[in-house]
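So you can see what is in the structure, the chains are spelled out below.
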Number of protein chains: 2
Amino acid sequence: MNVQTKPPRPPLNGVDTQTLLNTINFVVGQPDLARFQFRAANRWIEGTHSRSAMLDFSGAGADHKHLKSYFGDSDHPTVLCGGDRAPTPVEWLLHALASCITAGIGNIAAARGVKLTRVESFVDGDIDLRGILGISDEVRNGYSNISIRFEIEGDAPPEKLQQILDQARARSAVFDVLRNGVPVSVAMNSVQ
Amino acid sequence: MNVQTKPPRPPLNGVDTQTLLNTINFVVGQPDLARFQFRAANRWIEGTHSRSAMLDFSGAGADHKHLKSYFGDSDHPTVLCGGDRAPTPVEWLLHALASCITAGIGNIAAARGVKLTRVESFVDGDIDLRGILGISDEVRNGYSNISIRFEIEGDAPPEKLQQILDQARARSAVFDVLRNGVPVSVAMNSVQ
């Protein structure tokens, strides 16, 4: 006799919600599985141009690899005397924010039975370069402000879509890091 | 009669140092030129997979475009029920940090007359996913710690290379944002 009261949920928005909920429930009982470490390895190319590879990570009690190595480049724009062969490092922060909250929207909408048809976001960050150019010690190096605006369409009223966005923000790893900061240690390995 | 006491510097490490110094001196006299805004536009694809485009930005009193549109994808890994079609959003934060400090190393080494032959960095971030999974309200959503280790080779002694790294960190926009946080506003546009 099947005593399960909730039938398995079919995938929605490309999210296998049942597997995701099973994963969460599994971690509840074994919190050590929740410890993850993500990594990137960067190599300078020329000038302000460099490339990172992202492949290995650990978590859920094991070492993992992505399906393949992923790469990302950064450079400074020509107006700042760079080669503009890639986005700037600070633009990657904006991509990280938008894509983190958007992933949450995908998962949370699926969990709430909302079928999404469009999620777009537009993010901008204001920065006074007198900081990084060393012109003023009273100007911070980083962004003074980041603003992101979402457009979300799906089979739910605007209030419910707003609640999904609110929850995605409330559980976003990147939003938390950007908003609240994190300890960062920088060291130089001795080289032979 | 030429009264210039310092001859122009030739490019080094792929950095046109003279133009960079001229740019900095120009901004000293017109601080409004230092106000920049960087932007990204993200579109959800499926599940936790999305793509950002980075093209327009403003600064130095004008609107600019990169030489072309740059794109970056994010996804969640399969162990977290994603499709693993791209790096995770939190890995992009690590790439942003490594590439920002590395760009600074390129510029600062050139300004100090140091020829670089290799700059590599290895960055990792620890994160307890009980936060984003909604399992514990006492665990933050984001990284608890980020650590980056550099290996730098060039025609200078280790102490001087360490000073270049120190200055690159001290003027890094991404290091500042990650270390100290920034106000982030999240809004939903009304859609017809």
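Up top is the structure these notes are about.
The following paragraphs examine the structure supplied in this document. In this text, all values refer to a predicted model and were calculated from it rather than measured experimentally.

With that settled, the discussion passes to the environment of Glu46(A). Residue and element names in this part refer to chain A. One can find Glu46 in strand β1 (residues 35-46). Considering only alpha carbons, one finds Glu46 and Arg171, 125 residues apart in sequence, at a separation of 38 Å. Within the structure, Glu46 has its side chain in polar contact with the side chain of Arg85 (distance 3.2 Å).

Aromatic rings in a pair are described by how distant their centres are and how their planes are angled relative to each other. Taken as a whole and assessed by the stated rule, the structure comprises five aromatic pairs over all chains. Ring centres of Phe36(A) and Phe38(A) lie 6.0 Å apart, and the angle between their planes is 25°; on these two criteria the pair is classed as stacked. Here Phe36(A) and Phe38(A) have matching classes, each one buried. For the pair Trp92(A) and Trp92(B), a centre-to-centre distance of 4.2 Å together with 0° between the ring planes defines the contact as stacked. Here Trp92(A), found in helix α2 (residues 89-111), pairs with Trp92(B), found in helix α2 (residues 89-111), and the two come from separate chains.

Overlaying chain B with chain A gives an RMSD of 0.0 Å, the required rotation being 180° about an axis along which the chain moves by 0.0 Å. The transformation just described matches what one would write down for a two-fold rotation axis. Across chain B, the smallest distance between a C-alpha and the rotation axis is recorded for Gly181(B), namely 2.0 Å. Both copies share a contact surface, since 100% of the interface residues of chain B are interface residues in chain A too.

This next bit is on the sheet that holds strand β1 (residues 35-46) of chain B. Strand order in the open sheet formed by six strands is β3(B)-β2(B)-β1(B)-β4(A)-β5(A)-β6(B), with mixed pairing between adjacent strands. Taken across any chain shown, the strands that pair with only one partner, and hence form the sheet edges, are β3 (62-74) and β6 (184-188) of chain B. Ignoring which end each strand starts from, the neighbouring axes of this sheet average 15° apart. Of the strand pairs in this sheet, strand β4 (residues 116-128) of chain A and strand β5 (residues 145-154) of chain A are connected by ten bridges, and their pairing is antiparallel.

Rules behind the numbers
Residues numbered from 1 in each chain as written. Chains lettered and ligands numbered in written order. Predicted model: local features only at pLDDT ≥ 70, side-chain atom pairs only at ≥ 80, totals over all residues. Heavy atoms only, no water. Helix = DSSP H or I, 4+ residues; strand = E, 2+ residues; numbered from the N terminus. Polar contact = N/O pair within 3.5 Å; in protein donor to acceptor, adjacent residues only side chain to side chain. Phe/Tyr/Trp six-rings, centres within 6.5 Å; stacked < 30°, edge-to-face > 60°. Buried < 20%, exposed > 50% of the residue type's maximum accessible area, 1.4 Å probe, protein only. Least-squares fit on C-alpha atoms with pLDDT ≥ 70 in both. Contact = heavy atoms within 4.5 Å. Pairing = 2+ DSSP bridges. Axes fitted to C-alpha atoms, helices over the stretch in contact; angles between N-to-C directions.

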